[in-house]
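The residues making up each chain are set out below.
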Amino acid sequence: MTFSISAPICARISARALLLPGLALAALLIAANPHPAAAQAASSSSQNQGASQSAAPTDPERPYIVKDGRVDFHTFNGYRRYGDNCLRCHGPDGAGSSYAPDLTDSLKHMTKEQFEETVINGRKNVTTATENVMPAFGTVPDVVENLDDIYAYLKARSDGVLGRGRPKRLDGED
Amino acid sequence: MTTKNRLFAWAVLAAGLSGAVGLRPAVANEELEKMSQDPKQWVMPAGNYANWRFTELKQITPENAHRLHPVWTFSTGVLRGHEGGPLVVGDMMYVHTPFPNKVFALDLNHDGRIVWAYEPKQDPNVIPVMCCDTVNRGVAYGDGKIFLHQADTTLVALDAKTGKVIWSVKDDDPAKGATGTSAPLVVKDKVLVGVSGGEFGVQGHVTAYNIKDGSMAWRAYSEGPDDQLLFDPEKTTVMGKPVGKDSSLKTWEGDQWKIGGGTTWGWISYDPKLNLVYYGSGNPSTWNPTQRPGDNKWSMTVFARDPDTGVAKWVYQMTPHDEWDYDGINEMILADVKVHGQQRHALVHFDRNGFAYVLDRATGELLEANKFDPAVNWATKVDLTTGRPEVVPQYSTDHNGADHNTKGICPAALGSKDEQPAAFSPVTGLFYVPTNHVCMDYEPYKVTYTAGQPYVGATLSMYPPPGENNLGNFIAYDVNEGKIVWSDPEPFSVWSGALVTATGVAFYGTLDGYLKAVDVKNGKLLYKFKTPSGIIGNVNAYEHNGKEYIAVLSGVGGWAGIGMAAGLTNDTDGLGAVGAYKSLSNYTQLGGVLTVFSVE
């Protein structure tokens, strides 16, 4: 492991703060943002700001809104960003591949802090029988900026409240 | 007649060669060309320079194929997707593996005893920059050397007898997302190698190294200024006309070509008479077409180049301004076949985009382009005068725009066929093609380029064509008529390279792990055996001590392992039957085993 950020501290680093240009990851330890919810709202994509803020979930244990199979914008955005950066290893819908774990199962055993720590710093599991390496995404804007959204999507999948495939949106913009 | 004459010539050559292995003619090309005509050996990835995947060996026939059985196996000790297949040079078999890219030299005279093993030291950080598993499509032989293209893009020349490193050269930089997965090809005194990384914004290229010392002879990029393309604006042609100055630069916005993709991770073929090498380039980066206006030349392109200088003789872009990730890297099969009743020196290419292209391989003239899967819907046809596909607006992800989910596109990004090479039989004149039968929804969105990080910009859902439940077919295809002769449905995509014998047996592997032998006349199943894991490797043939053998690597993975391990998304109508077989993981697990078959 290259970095040794402890999980609790890591959790308090807002997605936004990690994006500050030119900062080494270690330096970000002092840039922790105590208001992750505010950061989450600020980090959403330029599209549909109004809709996403009005539908923002508040329960940290359930960081998503799913109603009749439709999801809030954050969760939908998480689905798309998952597709961009995670799918090619973890498979469609977080369901795993021949060499990367099923994340709908992983998130049953992982805290959000552990999830963030793994995404930001990466993970290596290289033995004689396996060569599994997850890259560190800590400096990738498309991941860091959308980390809360990706988590929300995967948590909804893991909690069994969201099925496979492209989720429909609560704001009706399908 | 032509076919018979050629077969006769082969037989003569084969007879003359027995015992000559080990001698080294002055020019590696002559040695290798002759060896490739000896059916007892399998000295290059596709068996011969024309990429036929055909064997002259006659012991295995449609009549006795039911008596095939596994005679020996070899575990590679690696558990990731095993693409490509073994080479057989003289009495030695060379087996490669996915990362960490081991190579084993097995002595066929001593039950496959390991004569030498080579394992490069590579930084495991290359693993996550490999799109779609850590596959490797095999080694090449030439001039007494085995050439290995490592994941970290190192090309290493090993002494074929001892495994000692003779030279080693770094082709590109994994820190930028460039990786090595393709098999090299030895042509004359050079070894040619492509690069992977189309999902990381790599500027694709093919590079020729001198086999003596590993010095670079030439490098030809897929996009950029003419001097990087190795284009002569007056002499390099497209659709019979000179390409003109800055043919690539004009089709990109600003400097986007520098991260333009067009990687070259497929197969290379060679016509010694015309002195031309052929290969295809992959998708333009990113997958979001709205972010890169223009035709994005020369991504998605068939290249014909002079192997001595690298200069392009002709090019043809199949999918201008790709909107679906239909990489053009599939093998170029060089076959003299009838097209519309007229005998042609053709190049036949079954593209990811679902069209079977037939070109005159000397001039690049487009002779024919027909769908080889009836499900293909993104374009109605290819205009043979302009060479452009007639794109259906409903399925155009660019037309529908970013942040819009375009539904029901066939084929999926996996293509109607991916890298798994087809086989050609000069006896029947038909092509035997492993195919995918998968459709998709595709939603592009804006992405930021970060060197060495994924540069994808689209999310996809994949599923079988509406109302169907098979994700693959193994087909026989006739380019003269432009039609499918027969089609064997498979529950999963057929992701293994095919083999066809002169006697009329076609072989392929399945994702659920079967090696299958079928009758070329009608596709009837003659034999099947369930290997330890799903097959994404290519089936090869050789003879040893008077006996014909069929060899294939099993070990599920690759893109197939990502898309299907957990089953495809079941979110469209008419998919009731899909639930019947659920996910691939219910059928097979990871593996890495070579299985060798014969008829007793």
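Residues numbered from 1 in each chain as written. Chains lettered and ligands numbered in written order. Predicted model: local features only at pLDDT ≥ 70, side-chain atom pairs only at ≥ 80, totals over all residues. Heavy atoms only, no water.

### Comments concerning the overall build of chain A
1) Next: Helices and strands together make up the secondary structure of chain A, namely 10 helices and 5 strands.
2) Next: Within chain A, the proportion of its 174 residues that are buried is 53%.
3) Next: Once local pairs closer than 6 in sequence are excluded, the contacts in chain A between residues at least 24 apart make up 59%.
4) Next: Per element, the accessible surface of chain A, about 7600 Å² overall, is 56% carbon and sulfur. (Helix = DSSP H or I, 4+ residues; strand = E, 2+ residues; numbered from the N terminus. Buried < 20%, exposed > 50% of the residue type's maximum accessible area, 1.4 Å probe, protein only. Contact = heavy atoms within 4.5 Å. Areas by Shrake-Rupley, 256 points an atom, 1.4 Å probe, with all protein chains shown as cover.)

### Quick look at the overall build of chain B
1) Next: A count of helical and extended segments in chain B gives 5 helices and 40 strands.
2) Next: Looking at chain B residue by residue over its 600 residues, the buried ones come to 69%.
3) Next: In chain B, the proportion of contacts linking residues at least 24 apart, taken out of those at least 6 apart, comes to 62%.
4) Next: Taken as a whole, chain B presents about 18500 Å² of accessible surface, with 52% of it coming from carbon and sulfur.

### Points about the side chain of Asn353 of chain B
Residues and elements named next belong to chain B.
1) Next: Relative to the helices and strands, Asn353 is located in the loop between strand E22 (342-350) and strand E23 (355-360).
2) Next: In this structure the side chain of Asn353 is engaged in a polar contact, spanning 2.9 Å, whose partner is the side chain of Tyr357.
3) Next: Not counting residues within four places of it along the chain, the set of residues in contact with Asn353 comprises Met318, Thr319, Tyr326, Val376, Trp378 and Pro411. (Polar contact = N/O pair within 3.5 Å; in protein donor to acceptor, adjacent residues only side chain to side chain.)

### Side note on the state of the cysteines
Residue and element names in this part refer to chain B.
1) Next: One pass over the structure, following the stated rule, counts 1 disulfide over all chains.
2) Next: Across the disulfide, Cys410 is cross-linked to Cys439 (sulfur-sulfur distance 2.1 Å). A torsion of 100° about the S-S bond marks the disulfide between Cys410 and Cys439 as right-handed. Within this pair, whereas Cys410 is found in the loop between strand E27 (406-409) and strand E28 (423-424), its partner Cys439 is found in strand E30 (residues 439-444), the two being separated by 29 residues in sequence. In this pair, the class of Cys410 matches that of Cys439, namely buried. (Disulfide = S-S within 2.5 Å.)

### Quick look at the sheet that holds strand E32 (residues 472-478) of chain B
Residues and elements named next belong to chain B.
1) Next: As summarised here, the arrangement of the 4 strands in space is E28-E29-E32-E33, forming an open sheet in which the pairing is antiparallel. The sheet terminates laterally at E28 and strand E33 (483-490), the two strands that pair on one side only.
2) Next: Bridge count between E28 and strand E29 (residues 431-436): 2 bridges; the pairing is antiparallel. Of the residues in E29, the one forming a bridge with Phe424 is Phe431. (Pairing = 2+ DSSP bridges.)

### Comments concerning unusual backbone geometry
All names here are of chain B.
1) Next: In the segment running from Lys297 into Trp298, the intervening peptide bond is cis, with an omega of 0°.
2) Next: Here Trp298 lies in the loop between strand E18 (276-280) and strand E19 (301-305).
3) Next: Here the bond from Cys410 into Pro411 is cis, since omega is 0°, no more than 30 degrees from zero.
4) Next: Relative to the helices and strands, Pro411 resides in the loop between E27 and E28.
5) Next: With a phi angle near 50°, Asp111 is a residue other than glycine that sits in the positive phi range.
6) Next: Here Asp111 shows up in the loop between strand E5 (103-107) and strand E6 (113-118).

### Topic: the sheet that holds strand E3 (residues 87-89) of chain B
All names here are of chain B.
1) Next: The strand order across the open sheet formed by 4 strands is E3-E4-E5-E6, and the pairing between neighbours is antiparallel. Whereas interior strands pair on both sides, the edge strands pair on one side only; in this sheet they are E3 and E6. The average undirected angle you get between the axes of adjacent strands in this sheet is 25°.
2) Next: One ladder, built from 5 bridges, connects strand E4 (residues 92-96) with E5; its direction is antiparallel. Residue pairing across strands places His96 opposite Val103, the latter belonging to E5. (Axes fitted to C-alpha atoms, helices over the stretch in contact; angles between N-to-C directions.)

### Focus on the interface of chain A and chain B
1) Next: Contact with chain A, which involves 36 residues of that partner, is made by 43 residues of chain B.
2) Next: Carbon and sulfur atoms make up 50% of the surface buried where chain A meets chain B, a total of about 3100 Å² over both sides.
3) Next: Looking at the side of chain A facing chain B, the largest losses of area belong to Arg88, Ser98 and Glu131 of chain A, adding up to 22% of the total buried there.
4) Next: Scanning the region where chain A abuts chain B turns up 3 salt bridges.
5) Next: Here Asp403 of chain B and Arg80 of chain A are joined by a salt bridge, their closest N and O atoms 2.4 Å apart.
6) Next: Ranked by the residues each element gives to the side of chain A that touches chain B, the list is headed by helix H5 (residues 73-85) of chain A, at 7 residues. (Buried area = accessible area lost by both parts, 1.4 Å probe. Salt bridge = Lys/Arg side-chain N within 4 Å of Asp/Glu carboxyl O.)

### Looking at the confidence of the model for chain A
1) Next: Across chain A, pLDDT averages 73, with 66% of residues at or above 70.
2) Next: Scored below 50 in pLDDT, residues 1-54 of chain A shows 67 contacts in the model against residues more than four places distant or in partner chains. (pLDDT = per-residue confidence, 0-100.)

### A look at the pattern of salt bridges
It is possible for side chains bearing opposite charge to pair when their charged atoms get close.
1) Next: Following the criterion strictly, the structure yields 35 salt bridges over all chains and no others.
2) Next: Across the pair Asp148 of chain A and Lys112 of chain A runs a salt bridge, and its minimum N-O distance is 2.9 Å. Residue Asp148 of chain A is found in helix H10 (residues 147-158), and its partner Lys112 of chain A is found in helix H8 (residues 112-121); the two are separated by 36 residues along the sequence.
3) Next: Residue Asp148 of chain A is classed as buried on the basis of its relative accessible area of 10%.
4) Next: For Lys112 of chain A, a relative accessible area of 27% puts it in the partly exposed group.
5) Next: A salt bridge links Glu419 of chain B to Arg137 of chain B; its shortest N-O distance comes to 3.6 Å. Of the two residues, Glu419 of chain B is situated in the loop between E27 and E28 and Arg137 of chain B in the loop between E6 and strand E7 (140-142); the sequence distance between them amounts to 282 residues.

### Focus on H5 of chain A
All names here are of chain A.
1) Next: Over its 13 residues, H5 extends 18 Å from the first C-alpha to the last, a length consistent with the 18 Å expected when each residue adds 1.5 Å.
2) Next: Summarising burial for H5: 13 of the 13 residues are buried, a large majority.
3) Next: Between the side-chain oxygen at the start of H5 and the backbone nitrogen of His74 there is a gap of 3.3 Å, and the oxygen is on Asp72. (Expected span 1.5 Å × (residues − 1).)

### As for the packing of aromatic side chains
Residues and elements named next belong to chain B.
1) Next: Taken as a whole and judged by the stated rule, the model has 34 aromatic pairs over all chains.
2) Next: Aromatic pair Tyr432 and Trp486: ring centres 6.1 Å apart, planes at 35°, arrangement tilted. Remark: Trp486 occurs in strand E33 and Tyr432 occurs in strand E29; sequence separation between them is 54 residues. This pair shows no difference in class: Tyr432 is buried, exactly as Trp486 is.
3) Next: Note on Tyr449 and Tyr455: the rings are 5.3 Å apart at their centroids and 85° apart in plane angle, and the pair reads as edge-to-face. (Phe/Tyr/Trp six-rings, centres within 6.5 Å; stacked < 30°, edge-to-face > 60°.)

### Digging into the nonpolar core
All names here are of chain B.
1) Next: The biggest cluster of nonpolar side chains holds 86 residues, and the ones touching the most others in it are Phe431 and Met440.
2) Next: In this structure Phe431 touches Ile333, Ala335, Val337, Val348, Phe350, Ala423, Phe424, Ile475, Ala476, Tyr477 and Val479, once residues within four positions along its chain are discounted.
3) Next: Counting residues in hydrophobic clusters, the runner-up holds 82 residues, among them Val43, Ala105, Ala312 and Val599. (Core = buried A, V, L, I, M, F, W, Y, C linked by side-chain atoms within 4.5 Å.)

### Focus on the environment of Pro233 of chain B
Residue and element names in this part refer to chain B.
1) Next: By secondary structure assignment, the location of Pro233 is in the loop between helix H3 (226-229) and strand E15 (237-238).
2) Next: In the structure, Pro233 is positioned 14 residues away from Ser247 in sequence and 7.8 Å away in space, judged by C-alpha atoms.
3) Next: Setting aside residues no more than four positions away along its own chain, Pro233 makes contact with Asp226, Pro242, Val243, Gly244 and Lys245.

### Regarding H8 of chain A
All names here are of chain A.
1) Next: Counting buried positions over the 10 residues of H8 gives 7, a clear majority of the element.
2) Next: Listing the buried residues of H8 in full gives Phe115, Glu116, Glu117, Thr118, Val119, Ile120 and Asn121.
3) Next: Looking at the residues trailing H8, positive phi occurs at Gly122, about 80°.

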